[in-house]
Amino acid sequence: MNPTVKLTLIMVLALEISFTQSITMNVILTLLGLIYLLIHRIRWQTLFYFLTIPGLFAAALVWSLLYQGTATNHFAGVIFSRMYAYVFLGGAFSLTTTPYQLAQSLEQNAHLPTKFVYGILAAVNMLPRIRREVATIRSAAQMRGVTLHFWSPVLYFKAILAALKWSENTAEAMTSHGYVEDTPRSHVITISISRCDYVTAVSLFILLQGILFLPVP
Amino acid sequence: MSHSSSWHLRSIILLALISLFFGVIFWVISPLYDVLTAILTPMGLAPFANEILIGVWCMAGPVAGYLLRIPVAAFLGEFIGAAVEMLLGSQWGASDLIAGAIQGVGSELGFTLTGYKRYNWGTLLLSAVTVTLVTFGWDMIKNGYGSYHLPLLLGLLAVRFLSNFFFGGVLTKAIVNLLDRAHVLGTGATPQN
C-alpha cells in the first residue's frame, strides 16, 4: 500500500480508538495489524517483543486504574486492548515502511515541501553518527572524571554544538550539489497512489465503523 | 513573510538533528522508565513513572523553540522526534506520533502566547504550563486518567508540571545559557531569519 495512504489510515484509526470505548474494535484492529505483520514476515523476535512488553505496561496502568480509581472492568478492558491496538497499528506501518519510502511518498503524494523531506531525511541518515557523538561526549567527560547524566546541561550543550556544525555543513553540501529550495524537482522513481489503495483504505475504514454499532463490548 | 518561507534547509536540518540527539539521549534513560514502572506498580501508582519522566520527553520542544525562535519550531522539534522514533520501530508506534503532535502543540502554545517576541524565563515557564495542561488533557482521554480519584489526579498533575518545569524550564534555560556564553546564540551561528 502507498505509505502516505497507509499512514493516514493508521493515524485516523489510532485517533478514533483513543476516543471510542469498544474492546471489540481494539481487538479486531490488533488482529488486523498482527495479520499484516505476519504477511510481511517480520522477525519472530520483534513479534515476541511487540506481544509481551506492551502487555506489562498496559497491565500496570490497568491495575493502577482499578486500584486507585473508579474504573469499571469494561473500561479497564478498553484501556488494555487500546494499548495493544496502538502498538500493532503502529507496527503495521513502521515495520513495513522505511524512512526513505515514506519521505518519497510524502514528497510526491502529500506534496510536502522538499526542504522538509530532504532536510529531515539527511538528519535521519546521520543517526549512527549521532549515537557515536553522544557516546564520545560522555566518554570525553568521563576521561576528565566528570559523569554526564541525562540532567546535565553540558551533555545537551555539546550535542547542540555538534548539531549546529553538522547542519551548516550538510546544508552547504546539499546546496553545492545542486539542491535548491522551493524549486520543482524531477524524480527517478515516481510513486503513485493506485485506485486500489484508495478503495482498500476507504472500505476498510467504513467496514470498521460498523463494529461500533454492534451490540458487543 | 509566511511561516513556511522563514524555514530554510539549514534550520530544518538543525531542528531534526536536535530532535534526534535528544532522542538518542532519552534512549539511554528508557531502562529508568521500566524500573520506575516496576517499583510503582505494586502500589497501583504506575502512571507516576510517566509523570516523573514526561519533562524529559517534552524537552526537545522548548529547546528548539528557544533556539530557532521561529513559529512552529517547538512543535516540529517534538513531532519530528516522535516520527523518527516511530520509524525506527519503537514499540509504541502510532501512539508515539499522536503523543508527539500533542506534546508539540502544548510546547508551541507557550511560545505562541508570547507572540514569538519574548524569549526569557517567563516564556519557558509558560511553555511548561501549556505542555502540562495539553498533555494531561490528552491522558485523561487516552489513558483513562479521568477515572482516578481527585487527590491522585491532582498529584499526577502536580508531578507532571514539576517534571516539565525542571526539564523544559530549569534545564532548558541552563542549556541555552551555556550556548549564550559560547556566543552561538543570535550571532548568526543559529539561523534566525
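Calculation notes
Residues numbered from 1 in each chain as written. Chains lettered and ligands numbered in written order. Predicted model: local features only at pLDDT ≥ 70, side-chain atom pairs only at ≥ 80, totals over all residues. Heavy atoms only, no water. UniProt positions renumbered as here; feature names shortened; annotations may be inferred. Helix = DSSP H or I, 4+ residues; strand = E, 2+ residues; numbered from the N terminus. Rg over C-alpha atoms; globule rule 2.2 N^0.38 Å. Buried < 20%, exposed > 50% of the residue type's maximum accessible area, 1.4 Å probe, protein only. Contact = heavy atoms within 4.5 Å. Buried area = accessible area lost by both parts, 1.4 Å probe. Nonpolar A, V, L, I, M, F, W, Y, C, P; charged D, E, K, R; others polar. Domains from an automatic or database assignment. Salt bridge = Lys/Arg side-chain N within 4 Å of Asp/Glu carboxyl O. Phe/Tyr/Trp six-rings, centres within 6.5 Å; stacked < 30°, edge-to-face > 60°. Axes fitted to C-alpha atoms, helices over the stretch in contact; angles between N-to-C directions. Left-handed = near helix turned anticlockwise from the far one by under 90°.

An unreviewed UniProt entry annotates chain B as ABC transporter permease originating from Levilactobacillus bambusae.

In the annotation of an unreviewed UniProt entry, chain A is listed under the name ABC transporter permease and assigned to Levilactobacillus bambusae. As recorded by UniProt, the Subcellular location (unreviewed entry) comment attached to chain A reads in full: "Membrane".

Draft legend 1. Up close: the overall build of chain B. For chain B, the helix and strand inventory stands at seven helices and zero strands. The linear arrangement of helices and strands in chain B, starting from the amino end, is α-α-α-α-α-α-α. Its C-alpha atoms give chain B a radius of gyration of 17 Å, within 12% of the compact-globule value 16 Å for 193 residues. Reported as C-alpha extents along the three principal axes, the dimensions of chain B are approximately 55 × 35 × 30 Å. The burial tally for chain B puts 62% of its 193 residues in the buried class.

Draft legend 2. Quick peek at the interface of chain A and chain B. Contacts between chain A and chain B engage 71 residues on the former and 71 residues on the latter. Taking both partners together, chain A and chain B bury about 6,100 Å²; carbon and sulfur atoms supply 80% of that area. The largest contributions to the chain A side of the interface with chain B come from F57, F150 and Y156 of chain A, which together make up 11% of the buried area. For the side of chain A that touches chain B, the secondary structure elements donating two or more residues are α1 (3–19), α3 (44–68), α4 (73–94), α5 (99–108), α6 (114–124), α7 (127–143) and α8 (153–176) of chain A. Considering only residue class, the side of chain A that touches chain B consists of 52 nonpolar, twelve polar and seven charged.

Draft legend 3. Quick look at the UniProt feature "transmembrane region" (unreviewed entry) in chain B. Sites flagged by UniProt as "transmembrane region" (unreviewed entry) map to residues 12–29, 35–59, 119–138 and 150–171 of chain B. End-to-end, the C-alpha atoms of residues 12–29 of chain B are 26 Å apart, and along that stretch the chain is 100% helix and 0% strand.

Draft legend 4. Spatial organisation of the domain arrangement of chain A. The assigned domain composition of chain A is domain 1 (3–104 + 191–212) and domain 2 (114–176). Computed over C-alpha atoms, the centres of domain 1 of chain A and domain 2 of chain A are 33 Å apart.

Draft legend 5. Looking closely at the UniProt feature "transmembrane region" (unreviewed entry) in chain A. According to UniProt, the feature "transmembrane region" (unreviewed entry) maps to residues 20–39, 46–68, 74–95 and 198–216 of chain A in the numbering used here. Taken end to end, residues 20–39 of chain A is 85% helix and 0% strand, and its first and last C-alpha atoms sit 28 Å apart.

Draft legend 6. Just unusual backbone geometry, in detail. Backbone geometry places H111 of chain A, a non-glycine residue, at a positive phi of 55°. Among the structural elements, H111 of chain A can be located in the loop between α5 and α6. Assessed through its relative accessible area of 62%, H111 of chain A is described here as exposed. Its identity is not glycine, yet Y116 of chain B carries a phi of approximately 55°, on the positive side.

Draft legend 7. Region of interest: the pattern of salt bridges. Under the defined criterion, the tally for this structure stands at four salt bridges over all chains. Residues participating in the shared-partner salt-bridge network are E51, D139 and R160 of chain B.

Draft legend 8. Seen up close, the environment of L212 of chain A. Residues and elements named next belong to chain A. Within the element layout of this structure, L212 appears in helix α9 (residues 195–212). Each C-alpha atom of the pair L212 and R82 lies 14 Å from the other, and the pair is 130 residues apart in sequence. Setting aside anything within four residues of it in sequence, one finds L212 in contact with E16, T20, S22 and M25.

Draft legend 9. Highlighting the packing of aromatic side chains. All names here are of chain B. Applying the stated criterion to the full structure yields 21 aromatic pairs over all chains. Between Y145 and Y148, the aromatic rings sit 5.6 Å apart at their centres with planes inclined by 65°, giving edge-to-face as the arrangement. Accessibility classification places Y145 together with Y148 in one group, the buried group. Relative to F165, the ring of F161 has its centre 6.0 Å away and its plane inclined at 25°; by these criteria the two rings are stacked.

Draft legend 10. Molecular detail of the packing of helix α5 (residues 93–113) of chain B against helix α6 (residues 121–142) of chain B. Residues and elements named next belong to chain B. Relative orientation of the contacting elements α5 and α6 amounts to 145°, with a least axis distance of 7 Å. Along this stretch, α5 crosses α6, giving a crossing that reads as right-handed. Counting all contacts with α5, which are made through S95, I98, I102, Q103, G106, S107, L109, G110, F111 and L113, the residues of α6 involved are T123, L124, L126, S127, T130, V131, V134, T135, W138 and K142. Among the residues making up the contact of α5 with α6, the classes are represented as ten nonpolar, nine polar and one charged.

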